[in-house]
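The primary structure of each chain is shown beneath.
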Amino acid sequence: MLFKPVGAIKQSIREGGPVEQRRTRAGQIAMRNAAMRLPTLSLPPEGPPAEISFLSGPRFWYQTLFCFYSLQLQTPFKITPIVYDDGGMDVVTKSRLLQVVPWMQFEDAPDTEARLDELLPASHYPTLRARRRTYPHLRKLTDIHIGSNKCRLVADSDMLFFRPPDDVIDWFTDPQLLYMQDVETAYGYPIGYLNELAGANVPEPVNVGLYGLTGANIDWGRVEYWCRRQLDDYGPSYLQEQALTAMLFASEPAKVLSRVDYVVMPDALEGERPRAVLHHYVDVSKQYYFRYGWRQILDLAQKSCGT
């Protein structure tokens with residue numbers, strides 16, 4: 001007799017059972033296939049200097065593509081997506097992305113490693129460099145912001161824009177610290193402990209699905225210390241990158257995006273009929289992402305291209 005791990009059973013129950021999981025998986029496969037047929041974006045008119053950064057690769061390229069596509073469709077000027085290699089980027093994946101967004105740019109792994117070796121050497125930052133190898137989420141912080149003097153806008157791939165994101169459009173004209181809000185505080189470590197480490201009150205509840213941060217203002221020595229202490233005192237957490245990023249917002253004021261417009265984990269009603277500007281599809285809301293969300297973006301894409 002075969003037994004499923006308890007965690008898998010609990011997850012299946014939360015996601016509606018095996019039948020519903022199969023429906024979600026079928027939607028995910030359909031989304032990936034549809035990404036290969038997305039119409040090529042026409043080059044939008046130039047506006048203010050506008051860039052958005054993603055960490056992506058062969059596993060998530062189609063989600064990155066849909067996320068950026070949805071943002072560009074809702075923005076009246078050109079945005080340049082910069083994709084940082086999550087460790088697996090290859091020629092095929094790049095060609096698929098460039099076929100749809102010809103002006104997409106890439107930061108390749110060897111170039112990033114060279115930058116890290118120069119500016120975040122393992123001899124001085126052993127914890128960050130070691131943790132980055134085993135915990136790819138950390139690369140969203142280290143790889144994108146190390147050596148940058150810009151305030152960079154960073155996005156997760158599992159998001160979609162359904163309305164013009166006025167806050168983001170304005171941000172490109174006046175870049176500043178910015179973050180969206182989670183459904184609850186989810187840092188993987190006690191908030192009192194993080195406040196003590198940071199020497200200030202860490203804002204709650206930061207969600208790093210979409211945020212703006214200035215790399216030049218990051219004290220990487222402090223981040224190294226925070227990371228080491230967290231691992232020593234409590235051990236690793238899947239949410240550690242979100243905790244470290246939230247701690248960086250403790251020392252400077254930031255614009256906080258509306259929970260109503262920028263929704264983390266939409267419910268069934270919102271997932272099927274979006275009213276918000278953006279959805280960040282975490283946890284059980286993945287089912288609405290793979291079943292419904294991307295299809296609406298595909299419809300918009302086809303209408304915009306007259307197909």
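Residue indices begin from 1 for each chain and proceed along its sequence in written order. In keeping with the predicted nature of the model, local features appear solely for residues at pLDDT of at least 70, side-chain atom pairs appear and are counted solely at 80 or more, and the whole-chain, interface and lining totals rest on all residues. Hydrogens and water molecules were not included; the side-chain quantities draw on all heavy atoms of the structure.

## Overview of the overall build of the protein
- Counting from the N terminus, the helices are the DSSP runs of H or I reaching at least four residues and the strands are the DSSP runs of E reaching at least two. Across its full length, the protein carries 13 helices and 10 strands.
- Along the longest, intermediate and shortest principal axes, the C-alpha atoms of the protein span 60 × 55 × 40 Å.
- Expressed as a percentage of the 307 residues in the protein, the buried residues total 52%.
- Taking contacts inside the protein between residues at least 6 apart in sequence as the whole, the part at least 24 apart equals 78%. For each residue, the accessible area found with a 1.4 Å probe, counting protein chains only, is set against the maximum for its type, and the residue is called buried under 20%, exposed over 50%, and partly exposed in between. By definition in these notes, contact holds between two residues if any of their heavy atoms fall within 4.5 Å.

## Points about the side chain of Gln74
- Tracing the backbone shows Gln74 in the loop between α3 (61-73) and β2 (80-85).
- For Gln74, a relative accessible area of 14% corresponds to the buried category.

## A look at the pairing of strand β6 (residues 178-181)
- With four bridges connecting them, β6 and strand β7 (residues 206-214) associate as antiparallel partners. For Leu178, the partnering residue across the bridge sits in β7 and is Gly212.
- Here β6 pairs with strand β8 (residues 255-256) via two bridges, running parallel. Across the sheet, residue Tyr179 finds its bridge partner in β8, namely Val256. Two strands qualify as a pair provided that DSSP identifies no fewer than 2 bridges between them.

## A closer look at the nonpolar core
- The set of buried Ala, Val, Leu, Ile, Met, Phe, Trp, Tyr and Cys residues whose side-chain atoms join them within 4.5 Å is what this entry labels a nonpolar core. In terms of nonpolar packing, the biggest core is built from 53 residues, with Ile52, Phe66 and Leu210 touching the most fellow members.
- Counting residues per element, this core draws most heavily on α3, which supplies eight residues.
- Filtering out sequence-adjacent residues up to four positions away, Ile52 remains in contact with Phe68, Leu71, Ile79, Thr80, Pro81, Ile82, Leu153, Ala155 and Leu210.
- One finds Tyr84, Leu128, Tyr193 and Leu248 within the second-largest nonpolar core, a separate group that totals 38 residues.

## Focus on the pattern of salt bridges
- A carboxyl oxygen of Asp or Glu within 4 Å of a side-chain nitrogen of Lys or Arg is what we treat as a salt bridge. Within the structure shown, the criterion is met by 15 salt bridges.
- Residues Glu241 and Lys140 are paired through a salt bridge, measuring 3.6 Å at the closest nitrogen-oxygen approach. In this pair, Glu241 is assigned in helix α11 (residues 240-248) and Lys140 in helix α7 (residues 139-145), connecting sequence segments 101 residues apart.
- The structure contains a network of salt bridges with shared partners spanning Glu113, Asp117, Arg129, Arg132 and Asp143.

## Looking at a negative patch on the surface
- Residues enter patches when their relative accessible area tops 30% and they take part in no salt bridge; the joining distance is 9 Å for like charges and 5 Å for the nonpolar side chains Val, Leu, Ile, Met, Phe, Trp and Tyr. Working definition of accessibility: Shrake-Rupley area with a 1.4 Å probe, residue cover restricted to the visible protein chains. Only four residue types enter the charge count, namely Lys and Arg as positive and Asp and Glu as negative; His and the chain termini do not. Lys charges are placed at NZ, Arg charges at CZ, Asp charges at CG and Glu charges at CD. Taken together, the side chains of Asp166, Asp170, Asp174 and Asp261 make up a negatively charged region of the molecular surface.
- For Asp174, the location among the structural elements is in the loop between α8 (166-173) and β6.

## What about the packing of aromatic side chains?
- Working definition: a ring pair exists when centres of Phe, Tyr or Trp rings (six-membered ring for Trp) sit within 6.5 Å. Plane angles under 30 degrees give stacked, over 60 give edge-to-face, the rest tilted. According to the stated counting rule, one finds 10 aromatic pairs in the structure shown.
- Both rings, one in Trp61 and one in Tyr62, keep their centres 6.1 Å apart while their planes meet at 75°; by these two values the pair is edge-to-face.
- Between Tyr289 and Phe290, the aromatic rings sit 4.8 Å apart at their centres with planes inclined by 40°, giving tilted as the arrangement.
- Sitting over the face of the ring of Tyr135, Arg131 holds its NZ or CZ atom 4.0 Å from the ring centroid. Note on geometry: a ring has a charge over it if NZ (lysine) or CZ (arginine) is within 6 Å of the ring centre and within 35 degrees of the ring normal.

## As for the sheet that holds strand β10 (residues 278-280)
- Pairing within the open sheet is mixed, and its three strands lie in the order β5-β10-β9. Only two strands of the sheet have a single partner each, and these edge strands are β5 (159-161) and β9 (262-264). Across the sheet, the axes of successive neighbouring strands diverge by a mean angle of 15°, strand direction being ignored.
- Sheet topology places β5 next to β10; three bridges connect them, and they run antiparallel. Here an axis means a line fitted to C-alpha atoms, over the contact stretch when the element is a helix, while the angle between two N-to-C directions is reported on a 0 to 180 degree scale.

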